[in-house]
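For reference, the chains in residue letters:
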Amino acid sequence: MYLLTIREGLQTRHIGPYESPKQAADDLDRLLPLCSERARWQIHALESPQALRGAHGSAVMAASGPIAA
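Residues numbered from 1 in each chain as written. Predicted model: local features only at pLDDT ≥ 70, side-chain atom pairs only at ≥ 80, totals over all residues. Heavy atoms only, no water.

K.L.:
Would you mind showing me how to read the overall build of the protein here?
P.N.:
Broken down by element type, the protein carries two helices and three strands. Helices (α) and strands (β) of the protein occur, in sequence order from the N terminus, as β-β-α-β-α. Counting across all 69 residues of the protein, residues that qualify as buried make up 17%. For the protein, the share of sequence-separated contacts (at least 6 apart) that also reach a separation of at least 24 residues comes to 48%. In the form shown here, the protein has an accessible surface area of approximately 5,500 Å², with 59% of it arising from carbon and sulfur atoms. (Helix = DSSP H or I, 4+ residues; strand = E, 2+ residues; numbered from the N terminus. Buried < 20%, exposed > 50% of the residue type's maximum accessible area, 1.4 Å probe, protein only. Contact = heavy atoms within 4.5 Å. Areas by Shrake-Rupley, 256 points an atom, 1.4 Å probe, with all protein chains shown as cover.)

K.L.:
Any chance you could explain unusual backbone geometry here in plain terms?
P.N.:
Across the chain, the bulk of peptide bonds are trans and the bulk of non-glycine residues have phi less than zero. Each neighbour pair has its own omega, and for Gly-16 with Pro-17 the value is 10°, a cis peptide bond. Within the secondary structure, Pro-17 sits in strand β2 (residues 11–18).

K.L.:
What is the right way to read the nonpolar core from this model?
P.N.:
Burial of nonpolar side chains together is a common tendency in soluble globular proteins. Counting residues in each nonpolar core, the largest one holds nine residues, listed as Leu-4, Ile-6, Ile-15, Tyr-18, Ala-24, Leu-28, Leu-31, Cys-35 and Ala-39. When contributions to this core are tallied by element, the ones reaching two or more residues are β1 (2–8), β2 and α1 (21–31). For this core, the element with the highest residue contribution is α1, accounting for three residues. Excluding its chain neighbours within four sequence positions, the residues that come into contact with Leu-4 are Arg-13, His-14, Ile-15, Tyr-18, Ala-24, Leu-28, Leu-31, Gln-42 and Ile-43. (Core = buried A, V, L, I, M, F, W, Y, C linked by side-chain atoms within 4.5 Å.)

K.L.:
Can you walk me through the side chain of Asp-27 in this structure?
P.N.:
Relative to the helices and strands, Asp-27 is located in helix α1. By relative accessible area, Asp-27 is classed as buried at 15%. A distance of 2.8 Å separates polar atoms of two side chains, one belonging to Asp-27 and the other to Arg-30. Ignoring any residue separated from it by four or fewer positions in sequence, one finds Asp-27 in contact with Ile-15 and Tyr-18. (Polar contact = N/O pair within 3.5 Å; in protein donor to acceptor, adjacent residues only side chain to side chain.)

This is a description of form; function is not addressed.
Below is the structure:
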């Protein structure tokens, strides 16, 4: 899943979710003409909470090293 983020001045809009980055880019083509020239955008890949917990747990273990008994 993907999320389109458009930042314009102090306003941030999150649009989505989309099944593919292509769908987000197509929607961006439709929305960008409605924004100012200074608007910034980004397409984010969404991750499930379980995947984040698993990646975070292994990163903590790698950073701390093995536990001494």
